[in-house]
Amino acid sequence: MFRSVFSGVALLAVTAACNAAQTQVVTTPEQLLTEFSRCDAHFFESLRDARLPADTLRLSQYGSVKAPTILNPLQEGGTYQRFEKPLIVNGVPMIGYYNQAQTMNDVGNFLFWGFVADGPPQEVAEKLKPLIVDNTRFISEGKAIARAEIRRVGDPIGQWRTQGLTGPGVATPFGFVDRVFMVDKGDETPPLTGHTTVFCSLQGTVTAPLLQVYRPDLNARLFD
Amino acid sequence: MTIRWPALIACVFILTGCAGMQNPQKANLAHCATQFKAYKAENYPLVLQEGDLCLQKNTLPASLQSLVYALQADAHSNLKHFPQAVTAKEKSLQLATKPDPRDNLDLSAMYRDAGNPKKALELVQYNLDNGLGEAGKGSGFHMPTYYHLGLALTDLGQYREAAEAFSTGLQRQPDFAWAYYARGIAYDHLGDRDSAKADFLKFSQIVKKKYVEEKHKAKLAEYGISVL
């Protein structure tokens, strides 16, 4: 997934730092999805003490947080966990968890993580929207429904800009990171084909210092 | 901080090669040529002295005045007269016919040395906001920009953002030793000793030893690393 080229003067509105929010104790799948929709460390922190239905997410300890167990986000075939029983979130069956990381030369680093759901994207998006943080910006972008923001290297680590976004289709410019919460049709290869993805992504100049804050479930140096 | 050598060489030829000039004029312009030669010889007090005389005794075009002030700024900086360096560099930039984005980075460094990291950061952000890459508008940003960005952020105590800036610069130029050192310092402040140590070790392996000062060695020694 590429983003369009950013052009023009980057005088942008700055969002409030999502990281300022306290991590709540998660006792329902709906609360979990809300934490997930922040696309930051809250999801992994909340999984430490989360009380979730049995036989849904299998969790592992990753440093100081927990995350759905994945073999290896860098390795094809190691990126997916199928749930024994769907995790029902506001009527949406989540059937698995996906976590992938890759580097493309001269384009940047890409991380996608999140849930695989049953149901058409529009229907899934409609049902999940009330749970999504900052959902007024969760809007249709082509066939997907997405909430996007962008950060320039050097901006305060918890702040994201909501203007001057790179739209869908073109690479994130060097020195920037796109963060997107997106509901979309799964791509053509298993395990996503035929399903809907409910993903967070970080794309662009993703560095270890950023990953340490946003993805405490990962080895921050995985792209080094 | 470097003066752009082609401009410097051109000025030396211009000022010393005016055969039709009267002797008093030649004598006055000789101060300017002497300043340039003193700069090449790293005689910084003479750079300042001759620069003042060059400006006082001649009516120079703005571009040459800019160059004289730039040399004085560099001299002040090397003599650790940091506020004076800032003043001279600001004058140089005001007079420049075509400001070079790298001059903003040089000035940023001078502001940091003068104890004003906020202004230092603003200068780098100005380049970023306006797409002023090191090679000109639209040329993209590389290690120099991110290195100076990281140093300003470090001085402001924004260590994670600084580490990120150095990491970004290293994606463009993975062999710049001083970015590893600077990022190690940022990680050290963050309490991430493993990452700091990895960076200091890398630095010790690739740095040109003659530039490593006692303060750098002392920092490395805290991590059990020596520069051989």
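Going by what an unreviewed UniProt entry lists, chain B is known as TPR repeat-containing protein and is assigned to Pseudomonas poae.

All right, on to helix α7 (residues 117-129) of chain B then. A turn of α-helix holds 3.6 residues, and therefore any two residues three or four places apart point the same way. Here α7(B) spans 18 Å end to end across 13 residues, near enough to the 18 Å set by a 1.5 Å rise per residue. Those residues of α7(B) that fall on the buried side of the exposure criterion are P117(B), A120(B), L121(B), L123(B), V124(B), N127(B) and L128(B). End-on, the buried residues of α7(B) take up no more than an arc of 155 degrees, which puts them together on one face. Looking at the buried positions of α7(B), the neighbouring elements they touch are β7 (144-152) of chain A together with α6 (101-113), β1 (132-133) and α8 (143-155) of chain B. Looking one or two places after α7(B), you find G131(B), whose phi comes out positive at around 65 degrees.

With a probe scaled to a water molecule rolled over the atoms, the places where space remains empty come into view. Looking at the second largest pocket, its volume works out to about 580 Å³. As for the second largest pocket, its lining consists of 26 residues, of which N109(A), F174(A), S167(B), Q171(B) and R172(B) are closest to the centre. For the lining of the second largest pocket, the secondary structure elements donating two or more residues are β4 (92-104), β5 (108-117) and α4 (208-214) of chain A together with α9 (159-172) and α10 (177-190) of chain B. It is α9(B) that provides the largest number of residues to the lining of the second largest pocket, a total of 4 residues. For the lining of the second largest pocket, the residue count by class is 12 nonpolar, 10 polar and 4 charged.

As a further point, take the UniProt feature "repeat: TPR" (unreviewed entry) in chain B. The UniProt record annotates "repeat: TPR" (unreviewed entry) at residues 143-176 of chain B. Each end of residues 143-176 of chain B is marked by a C-alpha atom, and these two atoms are 8 Å apart; helix forms 79% of the span and strand 0%.

As a further point, take the domain arrangement of chain B. Residue and element names in this part refer to chain B. Domains assigned within chain B are domain 1 (1-97) and domain 2 (100-228). Counting residues at the interface gives 13 residues for domain 1 and 11 residues for domain 2. Both faces considered, domain 1 and domain 2 share a buried interface measuring about 1,100 Å² in area, 66% of it formed by carbon and sulfur atoms. When the shortest N-O distance is used, the salt bridge between D106 and K89 registers 3.7 Å. Taken together, the connections running from domain 1 to domain 2 amount to 2 residue pairs in polar contact (both at pLDDT 80 or more). When residues of the side of domain 1 that touches domain 2 are traced back to their parent elements, those giving at least two are α4 (62-78) and α5 (82-95). For the side of domain 1 that touches domain 2, the element with the most residues is α5, which contributes 7 residues.

About the criteria used
Sequence order as written defines the numbering, with residues in each chain counted from 1. As they are written, the chains are lettered A onward and the ligands numbered 1 onward, keeping that order. Owing to the predicted nature of the model, reporting of local features is limited to residues with pLDDT of at least 70; listing and counting of side-chain atom pairs is limited to 80 or more, with chain, interface and lining totals taken over all residues. With hydrogens and water excluded, all non-hydrogen atoms of the structure serve as input to the side-chain values. A run of H or I in DSSP becomes a helix once it reaches four residues, and a run of E becomes a strand once it reaches two; helices and strands are each numbered from the N terminus. To estimate the expected span of a helix, subtract one from its residue number and multiply by 1.5 Å. For every residue, the accessible area (1.4 Å probe, protein chains only) is compared with the maximum for its type, and the residue is labelled buried under 20%, exposed over 50%, or partly exposed between those bounds. To obtain the arc, one takes the directions from the helix axis to the C-beta atoms. In this description, contact between two residues means that some pair of their heavy atoms is separated by no more than 4.5 Å. Space inside and on the surface of the protein is sampled on a 1 Å grid over the protein atoms alone, with a cavity defined as a set of points where a 1.4 Å probe fits but cannot get out and a pocket as an open set with protein on both sides within 12 Å along at least 5 of 7 lines; lining residues have an atom within 4 Å of a point. Grid points are joined across faces, edges and corners, and a volume is the space filled by probe spheres set on the points. Polar here means any residue outside two lists: the nonpolar Ala, Val, Leu, Ile, Met, Phe, Trp, Tyr, Cys and Pro, and the charged Asp, Glu, Lys and Arg; Gly therefore counts as polar. UniProt positions are given in the numbering used here, feature names are shortened, and annotations may be inferred rather than shown by experiment. An automatic or database domain assignment supplies the start and end points of every domain. Accessible surface is computed with a 1.4 Å probe, and the buried area is the amount of it that two parts give up when combined, taken over both parts together. We define a salt bridge as a contact between a side-chain nitrogen of Lys or Arg and a carboxyl oxygen of Asp or Glu at a distance within 4 Å. Any pair of N or O atoms that falls within 3.5 Å is considered a polar contact. Within protein, one atom must be able to donate a hydrogen and the other to accept it, and sequence-neighbouring residues count only if both atoms are side-chain atoms.

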